[in-house]
Amino acid sequence: MTYTIEEIARALGFEVQGDAALTVSRAAEPGSAGPDDLALAMSPRYAEELGKGNARAAMVWPDADWQAMGLKAVILAPRPRMAMSGLTRMMDRGQGQSTGIHPSAVIDPSAELGEGVSVGPLAVISAGARIGAGSVIGPHCFIGWDVVLGENAVLREMVSIGARVRIGDRFMAQPGARIGNDGFSYVTPEVSGAENVRKTMGDQGDAKAQSWVRIHSLGAVRIGDDVEVGANATIDNGTIRDTVIGDGCKLDNLVHVGHNVRTGRDCLFAGQTGISGSVEIGNNVVLGGQTGVVDNIFIGDGAISAGGTKILSNVPAGRVLMGYPGVKMETQTEIYKAQRRLPRLMKDIAALKKAVSKLGVSE
Amino acid sequence: MTYTIEEIARALGFEVQGDAALTVSRAAEPGSAGPDDLALAMSPRYAEELGKGNARAAMVWPDADWQAMGLKAVILAPRPRMAMSGLTRMMDRGQGQSTGIHPSAVIDPSAELGEGVSVGPLAVISAGARIGAGSVIGPHCFIGWDVVLGENAVLREMVSIGARVRIGDRFMAQPGARIGNDGFSYVTPEVSGAENVRKTMGDQGDAKAQSWVRIHSLGAVRIGDDVEVGANATIDNGTIRDTVIGDGCKLDNLVHVGHNVRTGRDCLFAGQTGISGSVEIGNNVVLGGQTGVVDNIFIGDGAISAGGTKILSNVPAGRVLMGYPGVKMETQTEIYKAQRRLPRLMKDIAALKKAVSKLGVSE
Amino acid sequence: MTYTIEEIARALGFEVQGDAALTVSRAAEPGSAGPDDLALAMSPRYAEELGKGNARAAMVWPDADWQAMGLKAVILAPRPRMAMSGLTRMMDRGQGQSTGIHPSAVIDPSAELGEGVSVGPLAVISAGARIGAGSVIGPHCFIGWDVVLGENAVLREMVSIGARVRIGDRFMAQPGARIGNDGFSYVTPEVSGAENVRKTMGDQGDAKAQSWVRIHSLGAVRIGDDVEVGANATIDNGTIRDTVIGDGCKLDNLVHVGHNVRTGRDCLFAGQTGISGSVEIGNNVVLGGQTGVVDNIFIGDGAISAGGTKILSNVPAGRVLMGYPGVKMETQTEIYKAQRRLPRLMKDIAALKKAVSKLGVSE
């Protein structure tokens, strides 16, 4: 597919300078861009690489001296990453799934498919499921009993959605995402060592060894509009009520959301983050990769964690956390600095003790 | 489905007070319970929410003043979570899979299916596999060559079980669980830097860069009775003998169990826990979410780790661990407290040094 | 299958002593080896267990006194793990997939399959895909649009490879591996709190709450020769160019590789390691289990991280890291030791302060 610079700029709402009729067929990094590519050189650092490539057109920052860079046409992008969003949406060639229902798909007669739904090869749609208009169900997907999925969803291959899960519009799921798994919830007939440890912060007491008895999940998962779930991520059913993911939330690959968790809107959980059962999360919470959240706490609106943070207690709104256990990022930075000086500190203290003892004062 | 309060109480072995003939159709949280729900109000904290809902019946703690709560019938539950177990098992509507063999399933003629086995759409059962009576093989499941699966298993969708894996009775696997993957085991022709680092705790020596050569897995996985494996969890084959998971073990979502690991009975591994190769684990070991266990160590009976713990050395029976590296929870709590005071401590020591130097004593 | 000791030794290039015509049918650990097994007793510690079993033949270290161990034939292995590689490759019975194309597979007519390609039941191969000679596509696999996969690949069950991914020869993928997922990349219309936090190391500034806008992935994934990807691991597409995995890299189960990551050759990433977007990794880098790598940094050739390390800044070549944040392993070991003494240190300092104050010196 080919675009004029004019077409791209108009679609993104940006200004063109130079030859607006010049055509490009794809986006490229400046150093590897050819004459038919649109080089992405939205900062001086990237623009330096233009000399290694052969770009004639580029997307640049507003006051860039593009003629000096040897370009013939440019699009001026005021906020580079926002420009990337529009441009990549426009140029996305997708996964190439055919429209319509693939003959190998297994669709229960009681399932209702909206207008223009496409279903890939070997997908399974169970009894009572309802799929909104325009949704794309990828190859090998499984849609469970009585699932409700909104309009314009895009499910990549091998996504599974368990019974009674309800999902809003424009849902997007990467390969192997698992929605609606049974919650991980067990109990022992008598009080267990693990229960005692929670109360005492370390003491198992005299609890005896016992087998685990299962608590079944009667709830399912309820997901809002505009949610995206990453590859092989998992979201478990609630115990009595549904686990809830709010509008606009984005979950990365291998993220785990336990039973009964409830999130607000526009949260972002990066890769391999794990959220234990019954955590309440506000709006616009951002958790860095490999963040862990202990069960039964709350995280206030707009809280942010750095990658690897282990959150072990309630987090007030707006707090920025880091470390294990997670504390304020500024505090943690101070702690890290101090830790590195610890071995030296040890020596200082030994020396001080010696000096003070020389003074003949009993400590 | 509808139940009388009498029926539920009798099934759980609990006492009824009030109108035992009153019927309910589902369980609900007190604040959202309607007149046909059984509200779960097993502690005063939950009972407070009853006023927001319209429950007529509830499960409450033994000496609750239920008439004052406006209820007409109650079931008295001495240990709330145990009551949850029985009640949720009774009310679980399941995933709605039809009984029998779905015509789209691909079953090798040499596979043996016990009485009442049901196989979901597009499942594959390979040559020589044996499935015990009453087991449910979910949609898109894969059962490998010569696999033995016991009675009354429940496999949710897209579970895979590799060749020669043997599993006991009442096995439960969540979507995307992977049993019997090849172990992750490589060697370099000459000693590698990583091998030297292990010995020296940090020095690569003069090892040269080399490519990795694969060690194949000749063993498989052997799993006891009453085991549950979470969504997208992975259990690898052993190298020479089988990897072993004991009776009654419960593995949460995205848990990883490496090759040659051997666990005792009734262990519980929470979400995203990772166990490296050749670890020996006792009975009733509980690992909190995102626990990591280094290879070739042992963990004694009844040991417990808090979420996020990295276990880098042998753990005696009954030990409760926390932190990276994992140490006794009490010790770790002391360390955390001290860490937070570290920046201030630095200042104290600087001041002390100054004061002592003023005294004219050489440190 | 049965092998003479002679056959095995010749295949591995090792010396035989004793009865070279003796036959064995499998490898076994010394303590459980029967008369038809080859016991693996390559170190004195393992050889001790021979007495518990009934082995007649064993693989032992070069100067082992094997007659004294009651053996009739031995193979002398100079580097035990290398010997394991050859032996296990020889004895691997595989997963038992039939050759040829299973009739239930769904293969687009425009896909090109090389000579001897085998395709398992219910696999899907999309339009324009090209599969090299001798490759094995497992049951329930999905090969996307225009994918290029080299010769002699082995894909276990339920592997998915997205559109336009290109992979070299001898690729191996464990069950549920996901290659070519959309990258996790979002932007807010105006500067977000998370962006401010990165710049200020902790301060969100006055950024307001906003919804996330998606950046699509125009790139795919390019993988070299001799790469292995673990069960349920995920590798995301690049944004503009491809994500790149170099020749000979080995990724363990549940590893996550973000968009735009580029690795050199012969890297090894252990279980549950997570690499954020746009990280540049050299050759022969070894990351221990549950390592986390922050985005947009580089890791030099031959760097090594211990399990659980969180890498938050650039890593020079050859560096050995440990901890959160990852620092030199020697330094971290010192820090750990000092941490354990922290609670005592606190008391020492309090005592010193008191002593100095007694001296009447203003600190």
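Quick caveat, the model's predicted, so the values are computed rather than measured.

**Looking at the overall build of chain A**
Item 1. Helices and strands together make up the secondary structure of chain A, namely five helices and 39 strands.
Item 2. For 363 residues, the compact-globule formula gives about 21 Å, and the C-alpha radius of gyration of chain A, at 27 Å, lies well above that figure.
Item 3. Along the first, second and third principal axes, the C-alpha set of chain A runs to 85 × 70 × 30 Å.
Item 4. Counting across all 363 residues of chain A, residues that qualify as buried make up 60%.
Item 5. Sequence-distant contacts in chain A: of pairs separated by 6 or more residues, those separated by 24 or more amount to 20%.
Item 6. Surface exposure of chain A reaches about 13,500 Å², of which carbon and sulfur atoms provide 50%.
Item 7. For chain A, the separation between the mean place of its 36 positive charges and that of its 39 negative charges on side chains is 9 Å.

**Here's the deal with the sheet that holds strand β25 (residues 234–236) of chain B**
Residue and element names in this part refer to chain B.
Item 1. If you trace the ten strands from one edge of the open sheet to the other, you get β8-β11-β14-β17-β20-β25-β28-β31-β34-β37, paired in parallel fashion. Each of the sheet's edge strands pairs with one partner strand only, and the pair in question is β8 (106–107) and β37 (310–311).
Item 2. In this structure, strand β11 (residues 124–125) lies alongside strand β14 (residues 142–143), joined through two bridges in parallel fashion. The residue of β14 that forms the bridge with Val124 is Phe142.

**Concerning the UniProt feature "active site" (unreviewed entry) in chain A**
All names here are of chain A.
Item 1. Cross-referencing UniProt, the feature "active site" (unreviewed entry) maps to His259 in the present numbering.
Item 2. Tracing the backbone through its elements, the reader meets His259 in the loop between β28 (256–257) and β29 (262–263).
Item 3. Since its relative accessible area comes to 13%, His259 is described here as buried.

**Some thoughts on the relation of the copies chain B and chain A**
Item 1. For the pair chain B and chain A, the superposition axis carries a translation of 0.1 Å, the fit reaches an RMSD of 0.1 Å, and the rotation angle comes to 120°. On the angle and the small slide along the axis, the relation comes out as a three-fold axis. The rotation axis passes nearest to the C-alpha of Asn232 of chain B in chain B, at a distance of 3.8 Å.

**Let's talk about the interface of chain B and chain C**
Item 1. Chain B puts 83 residues into the contact, and the matching count from chain C is 80 residues.
Item 2. Summed over both partners, the interface of chain B with chain C buries about 6,500 Å², with 63% contributed by carbon and sulfur atoms.
Item 3. On inspection of chain B and its partner chain C, the count reaches five salt bridges.
Item 4. In this structure, Glu195 of chain B engages Arg79 of chain C in a salt bridge whose closest nitrogen and oxygen atoms are separated by 2.7 Å.
Item 5. On the surface where chain B and chain C come into contact, there are 39 residue pairs in polar contact (both at pLDDT 80 or more).

**Looking at the packing of aromatic side chains**
Item 1. Scanning the model with the defined rule gives six aromatic pairs over all chains in all.
Item 2. Ring geometry for Phe184 of chain B against Tyr186 of chain B: centres 5.1 Å apart, planes inclined by 75°, an arrangement best described as edge-to-face.
Item 3. Under the relative-accessibility criterion, Phe184 of chain B is labelled buried at 15%.
Item 4. With 6.3 Å between their ring centres and 55° between their planes, Tyr324 of chain B and Tyr336 of chain C make a pair best called tilted. With Tyr324 of chain B in the loop between β38 (320–322) and β39 (327–328) and Tyr336 of chain C in helix α5 (residues 329–340), the pair connects residues from two separate chains. Assigned by exposure class, Tyr324 of chain B and Tyr336 of chain C land together as buried.
Item 5. In this structure, Arg45 of chain B is placed above the aromatic ring of Tyr46 of chain B, and the distance from its NZ or CZ to the ring centre is 5.0 Å.

**Focus: unusual backbone geometry**
Residue and element names in this part refer to chain A.
Item 1. Omega for the peptide link from Tyr324 to Pro325 comes to 0°, which places this bond in the cis form.
Item 2. Its identity as a non-glycine residue notwithstanding, Asn232 has a phi of 55°, on the positive side.
Item 3. Residue placement: Asn232 occurs in the loop between β24 (228–229) and β25 (234–236).

**Brief notes about helix α6 (residues 342–358) of chain B**
Item 1. End to end, α6 of chain B covers 24 Å across 17 residues, agreeing with the expected 24 Å (1.5 Å per residue, within 8%).
Item 2. By the burial criterion, the buried members of α6 of chain B are Leu342, Leu345, Met346, Asp348, Ile349, Ala351, Leu352, Ala355 and Val356 of chain B.
Item 3. Looking at the packing, one finds that the buried side of α6 of chain B touches α5 (329–358) of chain A, α5 (329–340) of chain B together with α6 (342–358) of chain C.

**Notes on α5 of chain C**
Helical geometry note: an α-helix holds 3.6 residues per turn, so side chains three or four residues apart project in the same direction.
Item 1. With twelve residues, α5 of chain C should cover 16 Å at 1.5 Å per step; its first-to-last C-alpha distance of 17 Å lies within 8% of that length.
Item 2. Of all the positions in α5 of chain C, only Met329, Gln332, Ile335, Tyr336, Ala338 and Gln339 of chain C are classed as buried.
Item 3. On the buried face of α5 of chain C, the contacting elements are α5 of chain A, α4 (193–200) and α5 of chain B together with β38 (320–322), β39 (327–328) and α6 of chain C.

**Some details on the confidence of the model for chain A**
In low-pLDDT segments, the atomic positions of the prediction should not be examined closely.
Item 1. Confidence in the prediction of chain A, expressed as mean pLDDT, is 95, and 99% of residues score 70 or more.
Item 2. Across the assembled chains, the prediction reports ipTM 0.96 with pTM 0.97.

**Focus: the packing of α5 of chain A against α5 of chain C**
Item 1. It is the contact of α5 of chain A with α5 of chain C, at a shortest axis distance of 8 Å, that shows an interaxial angle of 65°. Relative to α5 of chain C, the element α5 of chain A is oriented roughly perpendicular. The interaxial crossing formed by α5 of chain A with α5 of chain C has left-handed handedness. Residues Gln339, Arg340, Leu342, Pro343 and Met346 of chain A of α5 of chain A form the contact with α5 of chain C, whose own contacting residues are Glu334, Ile335, Ala338 and Gln339 of chain C.
Item 2. Partitioned by chemical class, the residues of the contact of α5 of chain A with α5 of chain C number five nonpolar, two polar and two charged.

**Here we look at the sheet that holds strand β36 (residues 304–305) of chain B**
Residues and elements named next belong to chain B.
Item 1. An order of β10-β13-β16-β19-β24-β27-β30-β33-β36-β38-β39 is seen for the eleven strands of this open sheet, with the pairing classed as mixed. Only two strands of the sheet have a single neighbouring strand rather than two, namely β10 (118–119) and β39.
Item 2. Direction of pairing for strand β30 (residues 268–269) relative to strand β33 (residues 286–287): parallel, over a ladder of two bridges. In the sheet register, Leu268 faces β33, and the bridge partner there is Val286.

**Remarks on the pattern of salt bridges**
Item 1. Inspection of the entire model under this criterion finds 58 salt bridges over all chains.
Item 2. Among the ionic pairs, Arg265 of chain A bridges to Asp266 of chain A, the shortest N-O distance being 2.9 Å.
Item 3. Residue classification places Arg265 of chain A among the partly exposed residues on the basis of a relative accessible area of 38%.
Item 4. It is possible to trace a salt-bridge network through shared partners that takes in Arg156, Glu157 and Glu228 of chain A together with Asp182 and Arg214 of chain C.

**Some thoughts on the packing of α5 of chain A against α6 of chain B**
Item 1. At a minimum axis separation of 9 Å, α5 of chain A and α6 of chain B run at an interaxial angle of 30°. One element, α5 of chain A, and the other, α6 of chain B, form an angle in the roughly parallel class. When the axes of α5 of chain A and α6 of chain B are compared, the crossing they make is left-handed.
Item 2. Residue composition of the contact of α5 of chain A with α6 of chain B, grouped by class: 14 nonpolar, one polar and five charged.

**Quick word on the interface of chain B and chain A**
Item 1. Counting from both sides, the interface comprises 79 residues of chain B and, opposite them, 82 residues of chain A.
Item 2. The junction of chain B with chain A conceals about 6,500 Å² of combined surface from both sides, 63% of it contributed by carbon and sulfur atoms.
Item 3. Taken together, chain B and chain A are joined by five salt bridges.
Item 4. The closest approach of N and O atoms between Arg214 of chain A and Glu228 of chain B, which form a salt bridge, is 2.8 Å.
Item 5. Across the chain B-chain A interface, the total number found is 40 residue pairs in polar contact (both at pLDDT 80 or more).
Item 6. Elements supplying a minimum of two residues to the side of chain B that touches chain A: β4 (26–28), α3 (80–91), β27 (250–251), β30, β38, α5 and α6 of chain B.
Item 7. Class assignment of the residues belonging to the side of chain B that touches chain A gives a composition of 34 nonpolar, 26 polar and 19 charged.

**Brief notes about the pairing of strand β6 (residues 57–60) of chain B**
Residues and elements named next belong to chain B.
Item 1. What you see with β6 is no split at all: Ala57 and Met59 on one side and Ala58 and Val60 on the other are buried throughout.
Item 2. In terms of strand pairing, strand β5 (residues 37–41) meets β6 through four bridges, oriented parallel. Within β6, the position partnered with Ala41 by the bridge is Val60.
Item 3. Pairing analysis gives four bridges linking β6 to strand β7 (residues 73–76), with the strands arranged parallel. What sits directly across from Met59, in β7, is Ile75.

What counts as what
Residues numbered from 1 in each chain as written. Chains lettered and ligands numbered in written order. Predicted model: local features only at pLDDT ≥ 70, side-chain atom pairs only at ≥ 80, totals over all residues. Heavy atoms only, no water. Helix = DSSP H or I, 4+ residues; strand = E, 2+ residues; numbered from the N terminus. Rg over C-alpha atoms; globule rule 2.2 N^0.38 Å. Buried < 20%, exposed > 50% of the residue type's maximum accessible area, 1.4 Å probe, protein only. Contact = heavy atoms within 4.5 Å. Areas by Shrake-Rupley, 256 points an atom, 1.4 Å probe, with all protein chains shown as cover. Lys, Arg positive; Asp, Glu negative; His and termini not counted. Charge placed at Lys NZ, Arg CZ, Asp CG, Glu CD. Pairing = 2+ DSSP bridges. UniProt positions renumbered as here; feature names shortened; annotations may be inferred. Least-squares fit on C-alpha atoms with pLDDT ≥ 70 in both. Buried area = accessible area lost by both parts, 1.4 Å probe. Salt bridge = Lys/Arg side-chain N within 4 Å of Asp/Glu carboxyl O. Polar contact = N/O pair within 3.5 Å; in protein donor to acceptor, adjacent residues only side chain to side chain. Phe/Tyr/Trp six-rings, centres within 6.5 Å; stacked < 30°, edge-to-face > 60°. Lys NZ or Arg CZ within 6 Å of the ring centre and 35° of its normal. Expected span 1.5 Å × (residues − 1). pLDDT = per-residue confidence, 0-100. Axes fitted to C-alpha atoms, helices over the stretch in contact; angles between N-to-C directions. Parallel < 35°, antiparallel > 145°, perpendicular 65-115°, else oblique. Left-handed = near helix turned anticlockwise from the far one by under 90°. Nonpolar A, V, L, I, M, F, W, Y, C, P; charged D, E, K, R; others polar.

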